[in-house]
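Chain and residue survey
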Amino acid sequence: MAARSARAEEVPVGAVVVHHSKVIGRGANRQIRDDDPTAHAEIVALRDAARWLGSYRLRGTTLYSTLEPCAMCAGALVAARVERLVFGSRDLRFGAVRSKFRLADSELLNHRLEISEGVLAAECLAPLRAFFAERRPRGEPASADDMRLIAENH
């Protein structure tokens, strides 16, 4: 899914929603393609899964994402009642599950997700590093923003 985003000049993030060992939702970043600021990979995958289940409640599901979800996506995971979140790499710039906030398992909210992080982190980081390296002038080191986005898990 992340490769699909990169081919479309989008930040290469991908997500899938799984229910009873079956993929029921797929998403890749589509903000540019759709002219939609909410078309993050996780949101696209949640919408796909909701259509498949015929419900906006996604109980009993796991969302797998290559990158830690932002505040919007973490909030959507809570609202949808996703049971579990698995993500590859932290996003130190925008991550709202571990890096900046702890929205997905906050005791302040009515639903909390089980969270696993760092799963296949190197594989998830590779497309992000390549994407940002291609956009940098030759020989220029990664910017501070690039490094925060593609940070290793701590």
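Not measured: the values here are computed from a predicted model.

The rules behind the values
Along each chain, residue indices are assigned from 1 in the same order as the chain's sequence is written. Only residues with pLDDT of at least 70 get local features here, since the model is predicted, and only at 80 or more are side-chain atom pairs given and counted; chain-wide, interface and lining totals rely on the full set of residues. Side-chain measures were taken over the full set of non-hydrogen atoms in the model, leaving aside hydrogen atoms and water. The rule for a salt bridge is simple: a side-chain nitrogen of Lys or Arg has to be within 4 Å of a carboxyl oxygen of Asp or Glu. For the purposes of this entry, the term helix denotes a DSSP run of H or I that reaches at least four residues, the term strand denotes a run of E that reaches at least two, and both are numbered from the N terminus. A simple rule labels every residue: compare its accessible area, found with a 1.4 Å probe on the protein chains alone, to the largest value its type can have, and call it buried under 20%, exposed over 50%, or partly exposed in between. Two strands pair if DSSP finds at least two bridges between them. The directions from the helix axis to the C-beta atoms are what the arc is built from. All axes are obtained by fitting lines to C-alpha atoms, using only the stretch in contact for helices, and the reported angles, taken between N-to-C directions, cover 0 to 180 degrees. Here, two residues are considered to be in contact whenever any of their heavy atoms come within 4.5 Å of each other. A crossover gets the label right-handed when its path from the first strand over the helix to the second runs clockwise, viewed with the strands pointing away from the viewer. Here the expected span of a helix is defined as 1.5 Å times the quantity of residues minus one.

**Considerations on the pattern of salt bridges**
Scanning the entire structure with this criterion turns up nine salt bridges. Note that R98 is salt-bridged to D105, the shortest N-O span being 2.9 Å. In this structure, the salt-bridge partner of E117 is R98, at a minimum N-O distance of 3.9 Å. Taken together, the residues span a long stretch of sequence, with E117 in strand 5 (residues 114-117) and R98 in the loop between strand 4 (84-89) and strand 5 at a distance of 19 residues.

**Topic: the pairing of strand 1 (residues 14-19)**
Along any regular strand the residues' side chains alternate between the sheet's two faces. Burial analysis of strand 1 places six of its six residues in the buried class, the great majority of the element. Residues G14, V16 and V18 of strand 1 are buried on one face, and the alternating residues A15, V17 and H19, pointing to the opposite face, are buried as well. Where strand 1 meets strand 2 (residues 22-28), six bridges bridge the pair, whose relative direction is antiparallel. Its bridge partner being in strand 2, H19 is matched across the sheet by K22. Where strand 1 folds back onto strand 2 in an antiparallel hairpin, the turn is made up of two residues, including H20, whose phi is positive at roughly 50 degrees. Note that strand 1 and strand 3 (residues 61-67) share five bridges and pair antiparallel. Residue pairing across strands places H19 opposite T61, the latter belonging to strand 3.

**Focus: helix 4 (residues 71-79)**
All of the buried residues along helix 4 are C73, A74, L77 and V78. Taken around the axis of helix 4, the buried residues stretch over an arc of 140 degrees, which confines them to a single face. The first or second residue beyond helix 4 is R81, which carries a positive phi of 65 degrees.

**Section: the sheet that holds strand 4**
Pairing is mixed in the open sheet, where five strands are placed in the order 2-1-3-4-5. On the outer flanks of this sheet lie strand 2 and strand 5, each paired with one strand and no other. Shown here is a sheet whose adjacent strand axes are inclined to one another by a mean of 15 degrees, direction ignored. Sheet analysis places strand 4 next to strand 5, joined by four bridges and oriented parallel. The residue of strand 5 that forms the bridge with V86 is S116. Along the sheet, helix 3 (residues 41-53) makes contact with strand 1, strand 2 and strand 3, crossing strand 2 at roughly 145 degrees.

**Some thoughts on the pairing of strand 4**
Here strand 4 lies mainly inside the structure; five of its six residues are buried. With five bridges connecting them, strand 3 and strand 4 associate as parallel partners. For L67, the partnering residue across the bridge sits in strand 4 and is S89. Taken together, strand 3, helix 4 and strand 4 form a β-α-β motif whose crossover is right-handed.

**Here's the deal with helix 3**
Here helix 3 contains 13 residues, and its C-alpha end-to-end distance of 18 Å stays within 8% of the 18 Å for a straight helix at 1.5 Å per residue. The complete set of buried residues in helix 3 reads A41, E42, I43, V44, A45, L46, A49 and A50. Tucked into the core, helix 3 has its buried residues touching strand 1, strand 2, strand 3 and helix 4. Two residues or fewer after helix 3 comes G54, characterised by a positive phi angle close to 75 degrees.

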